[in-house]
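Below are the chains, spelled out letter by letter.
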Amino acid sequence: MNAGRIVVTRPIPRAGLALLEEAGVTVEVLQPDEERPVDRAALLGLGRDDVLLCLLTDPIDREVLQASNLRGVTNYAVGYNNIDVGAATECGVPVSNTPGVLTEASADCTWAMLLAVARRIPQAHRYTAEGRFKLWGANLFLGSDVGLGPDGRRKVLGVVGFGRIGQAVARRASGFDMEVIACDPAPAPADPVEFVDLPELLARSDFVCLHPPLTDATRHLIGEEELRSMKRGAFLINAARGPVVDEAALVRALREGWIAGAALDVYENEPQLSPGLADLDNVVLLPHILSASHDTRGRMAEIAARNALCHLRGERAPEVVNPEVYESEAWLLRWR
């Protein structure tokens, strides 16, 4: 069998590429410009001896999988809704991801967004950097308390989706003396977190942090009805996937004051923003950087590279998401 090659859609951190080079395999980067998407024709032109190392922005659908019959696909991300895993399994193509390693960095960034939108940090920065700060004033950039307020009331953090990242976000709330409630279809007990249903969570929370996976059930999980049910002084933080929130409804909610503010790292039609979103002063917008620390992104690259090498050699990948593929006729015919 041909030794094969590993095809990377766009550049990943050096730590991952170095592992591939040390292994002596052939590596090709399809699109060296990080700000340009990969041409679909390039994906359709992949061959059966290739392993694809892709990013979450690359749609790896049935057409791509059937046209190429790859040895494997490794996603440089935890989520893999950009890949048709069912079609991959039918084609005998193992799919892998990079779970676990980005939990702490993602939780840190979630809290950075929460604090930034509550205390109006980006607006205050622009005001100062533009030379508009002339004199301290008692009403200058008043924001919202995050933890224990001066009236002695504990603010409530509502965590929607209590997986690894949601749990890490909840742990950090203890340092702010917050009350934590959570909503998850399969709750993992975590004292002193109280589990409630989504309507109750939205009604009680001062801050709502979203961390569910994107599925048919969670698409537009937060829409007009849910936004109207939140407190007028509450904040929404989306650290999950853009389509979890109905972005047009969110723009109306922020413009009309249904809620106090929002912070987003992801968008419904990423990278496009819904009309009017960027014009609002009560929103913090980030370019999908939740896990973007040097250490975390480097570690993700190493995991993706090791998965890719396993796919290339016909070995079981350590982070495979469709393990049943190794019993499929299509995979067995290739490697046995």
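Throughout what follows, the structure given in this document is the object of discussion.

Calculation notes
- Residues numbered from 1 in each chain as written.
- Predicted model: local features only at pLDDT ≥ 70, side-chain atom pairs only at ≥ 80, totals over all residues.
- Heavy atoms only, no water.
- Helix = DSSP H or I, 4+ residues; strand = E, 2+ residues; numbered from the N terminus.
- Contact = heavy atoms within 4.5 Å.
- Salt bridge = Lys/Arg side-chain N within 4 Å of Asp/Glu carboxyl O.
- Buried < 20%, exposed > 50% of the residue type's maximum accessible area, 1.4 Å probe, protein only.
- Pairing = 2+ DSSP bridges.
- Right-handed = clockwise from strand over helix to strand, strands pointing away.
- Axes fitted to C-alpha atoms, helices over the stretch in contact; angles between N-to-C directions.
- Parallel < 35°, antiparallel > 145°, perpendicular 65-115°, else oblique.
- Left-handed = near helix turned anticlockwise from the far one by under 90°.
- Phe/Tyr/Trp six-rings, centres within 6.5 Å; stacked < 30°, edge-to-face > 60°.

1. Some details on the environment of Ala105
Note on placement: Ala105 falls in helix H5 (residues 103–119). Expressed as a C-alpha distance, the spacing of Ala105 and Thr296, which sit 191 residues apart in the sequence, is 6.8 Å. Setting aside residues up to four positions removed in sequence, Ala105 forms contacts with Leu290, Ser291, Ser293 and Thr296.

2. Quick notes on the pattern of salt bridges
Overall, the coordinates contain 22 salt bridges when judged by the stated rule. A salt bridge links Glu104 to Arg171, with the nearest nitrogen and oxygen atoms 3.1 Å apart. Pair noted here: Glu104 is in helix H5 and Arg171 is in helix H7 (residues 164–173), with a separation of 67 residues, a long-range link. Overall, the relative accessible area of 47% leaves Arg171 in the partly exposed class.

3. Quick word on unusual backbone geometry
The omega torsion across Glu270 and Pro271 is 10°, close enough to zero to call that bond cis. Inspection of the secondary structure puts Pro271 in the loop between strand E11 (261–264) and strand E12 (283–285). The phi angle at His220 is positive, at roughly 55°, despite the residue not being glycine. Mapped onto the elements of the fold, His220 is located in the loop between strand E9 (207–210) and helix H9 (224–229).

4. Thoughts on the pairing of E9
Residues in a regular strand project their side chains so that they alternate between the two faces of the sheet. Residue alternation in E9 divides its side chains into two sets, Phe207 and Cys209 and Val208 and Leu210, and both sets are buried. Bridging between strand E6 (residues 156–160) and E9 involves 4 bridges; their strand directions are parallel. Its bridge partner lying in E9, Gly158 is registered against Val208. Across 4 bridges, the pairing between E9 and strand E10 (residues 235–238) is parallel. The partner of Phe207 across the bridge, within E10, is Phe235. Once the chain exits E9 it traverses H9 before rejoining the sheet at E10, and the crossover so formed is right-handed.

5. Concerning the packing of H5 against H7
Contact geometry of H5 with H7 gives a least axis separation of 8 Å together with a crossing angle of 55°. Of the possible angle classes, the one that applies to H5 and H7 is oblique. Along this stretch, H5 crosses H7, giving a crossing that reads as right-handed. Each of Thr103, Glu104, Ser106, Ala107, Asp108, Thr110 and Trp111 in H5 lies in contact with H7, whose residues at this interface are Arg164, Ile165, Ala168, Val169, Arg171, Arg172 and Ala173.

6. Topic: the packing of aromatic side chains
Any pair of aromatic rings gets described here by the distance separating the centres and the angle formed by the planes. Applying the stated rule across the entire model yields 6 aromatic pairs. Each ring, one from Tyr127 and one from Phe141, has its centre 5.0 Å from the other, and the planes form 75°; the classification is edge-to-face. Here Tyr127 is found in helix H6 (residues 121–129), whereas its partner Phe141 is found in the loop between H6 and E6, with 14 residues between them in sequence. By relative accessible area, Tyr127 is classed as buried at 16%. Between the aromatic rings of Phe162 and Phe195, the centroid separation amounts to 5.3 Å while the plane-to-plane angle is 90°, which identifies the pairing as edge-to-face. Taken together, the residues span a long stretch of sequence, with Phe162 in the loop between E6 and H7 and Phe195 in strand E8 (residues 194–195) at a distance of 33 residues. A residue is classified by how much of its surface remains accessible, and Phe162, at 4% relative accessible area, is buried. Residue classification places Phe195 among the partly exposed residues on the basis of a relative accessible area of 27%.

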